[in-house]
Amino acid sequence: GRETVLRGDDGPSEEDRSLRPQSISEMVGQLEVRERLKVVVDAAVKRDEPLGHILFDGPPGLGKTTFATCIPKDLGVNFQLTSGPALQAPKDLVPYLTNADERSILFIDEIHRLPKAVEEYLYTAMEDFRIDIVLGEGTNARTINLQIKPFTLIGATTRSGMLTAPLRDRFPLREHLDFYTNEELAEIIRRNAVKLSVTIEDDASLEISERSRGTPRVANNRLRWIRDYVTSKADGHITLQLARDAMKMQEIDTLGLDNQDRKYLSTIIRVFGGGPAGLEAIAHTMNAAPETLADEVEPFLLRTELLVRTPRGRVVTAKALEHVQKYKK
Ligand code: ATP
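What this report covers is the structure whose coordinates are included nearby. (Residues numbered from 1 in each chain as written. Predicted model: local features only at pLDDT ≥ 70, side-chain atom pairs only at ≥ 80, totals over all residues. Heavy atoms only, no water.)

**Digging into the site of the ligand**
Moving on, step 1. Close to the ligand lie 19 residues; Arg20, Val28, Gly63, Thr65 and Thr66 are nearest.
Moving on, step 2. Contacts to the ligand include glycine 61, whose backbone N or O atom sits 2.9 Å from an oxygen atom.
Moving on, step 3. Contacts to the ligand include asparagine 220, whose side-chain N or O atom sits 2.9 Å from an oxygen atom.
Moving on, step 4. Expressed as a share of its isolated accessible area of 620 Å², the protein-covered part of the ligand is 94%.
Moving on, step 5. Elements supplying a minimum of two residues to the shell around the ligand: helix 3 (64-75) and helix 9 (216-233).
Moving on, step 6. Residue classes in the shell around the ligand are distributed as nine nonpolar, five polar and five charged. (Near = heavy atom within 4 Å. Polar contact = N/O pair within 3.5 Å; in protein donor to acceptor, adjacent residues only side chain to side chain. Areas by Shrake-Rupley, 256 points an atom, 1.4 Å probe, with all protein chains shown as cover. Helix = DSSP H or I, 4+ residues; strand = E, 2+ residues; numbered from the N terminus. Nonpolar A, V, L, I, M, F, W, Y, C, P; charged D, E, K, R; others polar.)

**Considerations on the pattern of salt bridges**
Moving on, step 1. For the coordinates displayed, the defined rule picks out 19 salt bridges.
Moving on, step 2. Here glutamate 207 and arginine 211 are joined by a salt bridge, their closest N and O atoms 2.9 Å apart. Across the pair, exposure class does not vary: glutamate 207 and arginine 211 are buried alike.
Moving on, step 3. Each member of the salt-bridge network shares a partner with another, and the members are Glu187, Arg190, Arg191 and Asp202. (Salt bridge = Lys/Arg side-chain N within 4 Å of Asp/Glu carboxyl O. Buried < 20%, exposed > 50% of the residue type's maximum accessible area, 1.4 Å probe, protein only.)

**Let's talk about the packing of aromatic side chains**
The relative placement of two aromatic rings is captured by the distance of their centres and the angle of their planes.
Moving on, step 1. Within this structure, the stated rule accounts for five aromatic pairs.
Moving on, step 2. Ring centres of phenylalanine 79 and phenylalanine 107 lie 6.3 Å apart, and the angle between their planes is 20 degrees; this geometry places the pair in the stacked category. In this pair, phenylalanine 79 is assigned in strand 2 (residues 79-83) and phenylalanine 107 in strand 3 (residues 105-109), connecting sequence segments 28 residues apart. When sorted by exposure, phenylalanine 79 lands in the same class as phenylalanine 107, which is buried.
Moving on, step 3. Considering the side-chain rings of phenylalanine 179 and phenylalanine 300, the 5.9 Å spacing of their centres and the 80 degrees angle between planes classify their relative orientation as edge-to-face. (Phe/Tyr/Trp six-rings, centres within 6.5 Å; stacked < 30°, edge-to-face > 60°.)

**Observations regarding the side chain of serine 23**
Moving on, step 1. Among the secondary structure elements, serine 23 is positioned in the loop between helix 1 (14-18) and helix 2 (31-47).
Moving on, step 2. On the accessibility criterion, serine 23 (14% relative accessible area) is buried.
Moving on, step 3. In this structure the side chain of serine 23 is engaged in a polar contact, spanning 2.7 Å, whose partner is the side chain of serine 25.
Moving on, step 4. With sequence-adjacent residues up to four places away left out, serine 23 is seen in contact with Cys70 and Asp74. (Contact = heavy atoms within 4.5 Å.)

**Structural notes on the packing of helix 4 (residues 90-99) against helix 5 (residues 116-128)**
Moving on, step 1. Taken N-terminus to C-terminus, the directions of helix 4 and helix 5 make an angle of 30 degrees; their axes are 9 Å apart at the nearest point. Considering how the two elements wind past one another, helix 4 and helix 5 form a crossing that is right-handed. Across the interface between the two elements, Pro90, Leu93, Val94 and Leu97 from helix 4 touch Ala117, Val118, Tyr121, Leu122 and Ala125 from helix 5. (Axes fitted to C-alpha atoms, helices over the stretch in contact; angles between N-to-C directions. Left-handed = near helix turned anticlockwise from the far one by under 90°.)

**Examining helix 4**
Moving on, step 1. Within the span of helix 4, buried status applies to Leu93, Val94, Tyr96 and Leu97.
Moving on, step 2. Considering only its buried residues, helix 4 is in contact with strand 2, strand 3, helix 5 and strand 4 (130-135).

**So, the sheet that holds strand 7 (residues 173-176)**
Moving on, step 1. Within the open sheet, the five strands sit side by side as 2-3-6-1-7. Their pairing is parallel. Unpaired on one side and paired on the other, strand 2 and strand 7 mark the two borders of the sheet. Averaged over neighbouring strand pairs, the angle between their axes works out to 15 degrees when direction is ignored.
Moving on, step 2. Bridge analysis of strand 2 against strand 3 gives five bridges, and the strand direction is parallel. By the bridge assignment, leucine 81 is partnered in strand 3 with phenylalanine 107.
Moving on, step 3. Here helix 3 sits on the sheet in contact with strand 1 (54-57), strand 2, strand 3 and strand 6 (152-157), set at roughly 175 degrees to strand 3.
Moving on, step 4. Sitting on the sheet, helix 4 touches strand 2 and strand 3, and the angle it makes with strand 2 is about 165 degrees. (Pairing = 2+ DSSP bridges.)

Set out below in structure tokens:
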């Protein structure tokens, strides 16, 4: 399919795109999600109708953007990409809506960050494919109601809890993306090694997968670093030992935690006696943004039971204490 990208921000980096699957069938894992998507895509094609709006939520780097870019390719329709923070006022949204071809996909990343006025403007666009446009200014201004082409909105968010109910309810299909298994990540690593023209031993891809926090984007970043490492220090072939050495040099530990993850845990241990501690207080102490910690650091720590959330704040577990102790040099 053609791809028209109109964007208000930088979108995914060139590097991300080079490893990104080009069709849903090329994606690894997320089997149930892929099967449900296949059903709605098939049905839309058979009925000759636009696909219903789709909302993806889940931690960063698990494939929300990948799904959003594969769907239009599979359907052979145009694609436009923007994001919540890039849409400050309804007028910022108008060009996307009026440029949308019939059945094309409009992808809004970080949709939980849409200002209220923009969100409300989306409602009638999503429901009735109609928008109000103001022509002229001041006393001469008049509003016309414009019919737009039936399109499909794909929204992505790391914070589905921050979406208002009226917006959430306008998505007939809502999919939650969860962390990948090590086997799935190892498969992604093997495929991407081919795309990056580097050879890799199977035990090395498994080791990298175990240290990639269940996240394809992290696995890709590890792989790129290790590729550089083996190119610089060896003959360009990735063995288990070289993968371990490369990750050691990057200070990625056996659980796949990096400096920021360990700093988060050790801050709670050192400053807050292991917790409970509030996110804001931890963020201030670390000199980090609370959103970054909540989106990028906490989900995997919670998932692996290094951290628990209580009504009074974050608490580290015995497993975390032991791990941080062990890692201390
Ligand atoms: P964000 O919300 O921050 O944009 P995301 O969840 O949209 O994150 P993507 O950008 O889609 O994450 O994924 C990052 C990279 O991980 C992709 O470029 C792709 O290489 C790889 N990837 C993600 N999901 C899969 C998958 N299911 N199969 C193979 N590769 C994947």
